[in-house]
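Coordinate inspection notes
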Amino acid sequence: MQRSFFVALGLIGVAILLWLGFWQLDRLEWKEELLSEIDQRMSEVPVAVPGQPTKDADNFRQVRVDGTLLGPTAHVLTSERNVGPGYKIIASLDAGAQTLLVDLGFVLLESKPKFEAVSGPVEIIGNLYWPNEVDPQFTPDPDMKDNIYFARDLETMSVTLQTEPIMIVATEVSPNLNTLPQRVAHNLPNDHLNYAITWFALSVVWAGMTLYALFVTGGRNEKSEGA
């Protein structure tokens, strides 16, 4: 009875761990296809902004748009490596059929007053981007009095600046606004191979523990029968 229990437990455990390993391999294939698609979007020739862009189909897509900056801006407190603290300048862009948010780039803290409003015709080359930066538990609410945000919050900013909740992160702005343009990187984790190896290794350990348990119980049974 005891040996049957260990056999059943061992087979069930190994089966579950192997299933988890193969599931992670499936996830690895899916993630690699997703990353390849994103890399393609980021490297292809800039296109016009789609009429109804979506996060699933257009996140990171490189676009070109001519339009007019409408004035009021939002400022996101951040820091740039080797530069220091400052703000991302988020403006509204009238692109004709659409009014979009555009991240114009980074400025130092002392430059903030110069960018409370930015207006005029521009040509923007950049990437459509749906940032995932707001954590309800840890991200402070915007300081509307001093026009300071602590994350690129599309929903709130689009209401404040009266745009659609769609953002372009500018990599080139013409004419030059003396901002430091941002470079979009997907930074999507792809640890599925490591997870798969871990599950497969655990299945081997589980199988070894099962064999050891069977060996120990088998030895005990032989001793009891000999007695």
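Preceding this paragraph is the structure being described.
These lines cover the structure that appears in this document, whether it is placed above or below. This is a predicted model, so every value here is computed, not measured.

The rules behind these values
- Residues numbered from 1 in each chain as written.
- Predicted model: local features only at pLDDT ≥ 70, side-chain atom pairs only at ≥ 80, totals over all residues.
- Heavy atoms only, no water.
- Helix = DSSP H or I, 4+ residues; strand = E, 2+ residues; numbered from the N terminus.
- Rg over C-alpha atoms; globule rule 2.2 N^0.38 Å.
- Contact = heavy atoms within 4.5 Å.
- Lys, Arg positive; Asp, Glu negative; His and termini not counted.
- Charge placed at Lys NZ, Arg CZ, Asp CG, Glu CD.
- Buried < 20%, exposed > 50% of the residue type's maximum accessible area, 1.4 Å probe, protein only.

Section: the overall build of the protein chain
- For the protein chain, the count of helices and strands is four helices and six strands.
- In sequence order, the protein chain lays out its α and β elements as α-α-β-β-β-β-β-α-β-α.
- Computed over C-alpha atoms, the radius of gyration of the protein chain comes to 28 Å, more than 25% over the 17 Å expected from 2.2 N^0.38 for 227 residues, which places it beyond the range of a compact globule.
- In the protein chain, once contacts between residues fewer than 6 apart in sequence are set aside, the share between residues at least 24 apart is 68%.
- For the protein chain, the distance from the average position of its 16 positive side-chain charges to the average position of its 28 negative side-chain charges is 7 Å.

What to know about unusual backbone geometry
- Here Ser 174 and Pro 175 are connected by a cis peptide whose omega angle stands at 5°.
- Looking at where Pro 175 falls in the secondary structure, it is placed in the loop between β6 (167–174) and α4 (192–226).
- Even without being a glycine, Phe 60 presents a positive backbone phi close to 75°.
- Among the secondary structure elements, Phe 60 is positioned in the loop between α2 (55–58) and β1 (62–80).
- Exposure remark for Phe 60: the relative accessible area of 4% places this residue in the buried category.
- Its identity as a non-glycine residue notwithstanding, Asn 82 has a phi of 65°, on the positive side.
- Tracing the chain through its elements places Asn 82 in the loop between β1 and β2 (84–94).
- Note on Asn 82: relative accessible area 79%, which makes it exposed.

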